[in-house]
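For reference, the chains in residue letters:
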Amino acid sequence: MRQILAVALLAGLWLVTANITAQQQSDPQQRAQEIAASFNKSKHQVKEKHGVRIEKFKEVRSEPVVRKDAREYSGTYVADLGAGYTMKVEVGTDGRVQAAGSEPGPNESRKFTLRDAKIQGALLTGTKVYEDGTTEKFEGVFINRTERESQTDSGTTSFGLAVVYDPPKVERDYSFSLTRLFYKLEQ
């Protein structure tokens, strides 16, 4: 009886541990899906006036990209805003991630490095450390972003890094704030 109880207890402990491990592994995947989904958008409008029909269509679909070899994420990424947002990611053979970049600041470009950077699946996380010592959380996901301009368009796909800002980043002239930004891999 004691042996059966001991085996049952060990089996139960193993199941709990396996469940916790599975949850920890799926959390980065789930977060990557959430971030990628926040970059999706769809717009379809039809206006008809005086017999003239005007149709507008735009669709953006984003999907996380998990590479077998994390070194394939290495490269220079430039934001689609074209306002000085750049990031260079380097992944070593040992899997260590080094990243640095710059973004516009109030007076000049602000440079940063990514401390404790790690890649889990398609998710890149770490802490941005600016030259003045200030820090902020960093979270992004490597995605394929497909844009379609019409319902019959097969679309144009770009690979890059989708970054979310929490709290939002306020632009230098305070005219708008950024909640997310797509950095395209330079070829």
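Scroll up a little and you will see the structure.
Throughout what follows, the structure given in this document is the object of discussion. For clarity, every value in this text was computed on a predicted model and none was experimentally measured. Residues take numbers from 1 onward in each chain, read along the sequence in its written order. In keeping with the predicted nature of the model, local features appear solely for residues at pLDDT of at least 70, side-chain atom pairs appear and are counted solely at 80 or more, and the whole-chain, interface and lining totals rest on all residues. By convention in this description, side-chain values take in all heavy atoms of the structure and omit both hydrogens and water.

### Notes on the overall build of the protein
Okay, step 1: Counting secondary structure elements, the protein contains one helix and ten strands.
Okay, step 2: Helices (α) and strands (β) of the protein occur, in sequence order from the N terminus, as α-β-β-β-β-β-β-β-β-β-β.
Okay, step 3: Burial classes follow relative accessibility: with a 1.4 Å probe on protein chains only, a residue under 20% of its type's maximum area counts as buried, one over 50% as exposed, and anything between as partly exposed. Looking at the protein as a whole, 32% of its 187 residues are labelled buried.
Okay, step 4: Any two residues whose heavy atoms approach within 4.5 Å are treated as being in contact. Here the analysis covers contacts within the protein between residues at least 6 apart in sequence; of these, 40% occur between residues at least 24 apart.
Okay, step 5: For the protein, the exposed surface amounts to about 12,400 Å²; the carbon and sulfur share of it is 50%. Helix and strand assignments come from DSSP, with helices taken as H or I runs of at least 4 residues and strands as E runs of at least 2, each series counted from the N terminus. We get accessible surface area from the Shrake-Rupley algorithm with a probe of 1.4 Å; when it comes to residues, only the shown protein chains can shield them.

### Topic: the packing of aromatic side chains
Okay, step 1: A pair of aromatic rings is counted whenever rings of Phe, Tyr or Trp (Trp by its six-membered ring) have centres within 6.5 Å, and the orientation is called stacked for planes under 30 degrees apart, edge-to-face for over 60 and tilted otherwise. Taken as a whole, this structure holds five aromatic pairs when the rule is applied.
Okay, step 2: Aromatic pair Y77 and F159: ring centres 6.5 Å apart, planes at 55°, arrangement tilted. Linking Y77 in strand β3 (residues 75-79) with F159 in strand β9 (residues 156-170), this pair joins segments that are 82 residues apart in sequence.
Okay, step 3: Judged by its relative accessible area of 13%, F159 is buried.
Okay, step 4: For the pair F112 and Y130, a centre-to-centre distance of 5.9 Å together with 65° between the ring planes defines the contact as edge-to-face. Taken together, the residues span a long stretch of sequence, with F112 in strand β6 (residues 109-120) and Y130 in strand β7 (residues 123-130) at a distance of 18 residues.
Okay, step 5: Among the aromatic residues, those joined into a cluster by ring pairs are Y73, Y77, F142 and F159.
Okay, step 6: We call a charge positioned over a ring when the NZ of a Lys or the CZ of an Arg lies within 6 Å of the ring centre and within 35 degrees of the ring normal. Taking the ring centre of F159 as reference, the NZ or CZ of R67 above it sits at 4.6 Å.
Okay, step 7: Across the ring face of F39, the terminal group of R180 is positioned such that the distance to the ring centre comes to 5.3 Å.

### Describing the nonpolar core
Okay, step 1: Here the nonpolar core consists of buried residues drawn from Ala, Val, Leu, Ile, Met, Phe, Trp, Tyr and Cys, with membership extended through side-chain atoms lying within 4.5 Å. Counting 37 residues, the largest nonpolar core has Y77, V89, L124, F142, L161 and Y183 as its most contacted members.
Okay, step 2: At six residues, the largest contribution of residues to this core is made by β9.
Okay, step 3: Setting aside residues no more than four positions away along its own chain, V89 makes contact with Y73, S74, G75, Y77, V97, Q98, A99 and L124.

### Regarding the pattern of salt bridges
Okay, step 1: Each salt bridge in this description consists of a side-chain nitrogen of Lys or Arg and a carboxyl oxygen of Asp or Glu lying within 4 Å of one another. Tallying each qualifying case throughout the model produces 15 salt bridges.
Okay, step 2: The salt bridge involving E147 is made with K58; its shortest N-O contact spans 2.8 Å. Pair noted here: E147 is in strand β8 (residues 135-148) and K58 is in strand β2 (residues 52-64), with a separation of 89 residues, a long-range link.
Okay, step 3: K58 sits in the partly exposed class, given a relative accessible area of 24%.
Okay, step 4: Between R61 and E59 there is a salt bridge, and its shortest N-O distance comes to 3.4 Å.
Okay, step 5: Owing to a relative accessible area of 13%, E59 belongs among the buried residues under this scheme.

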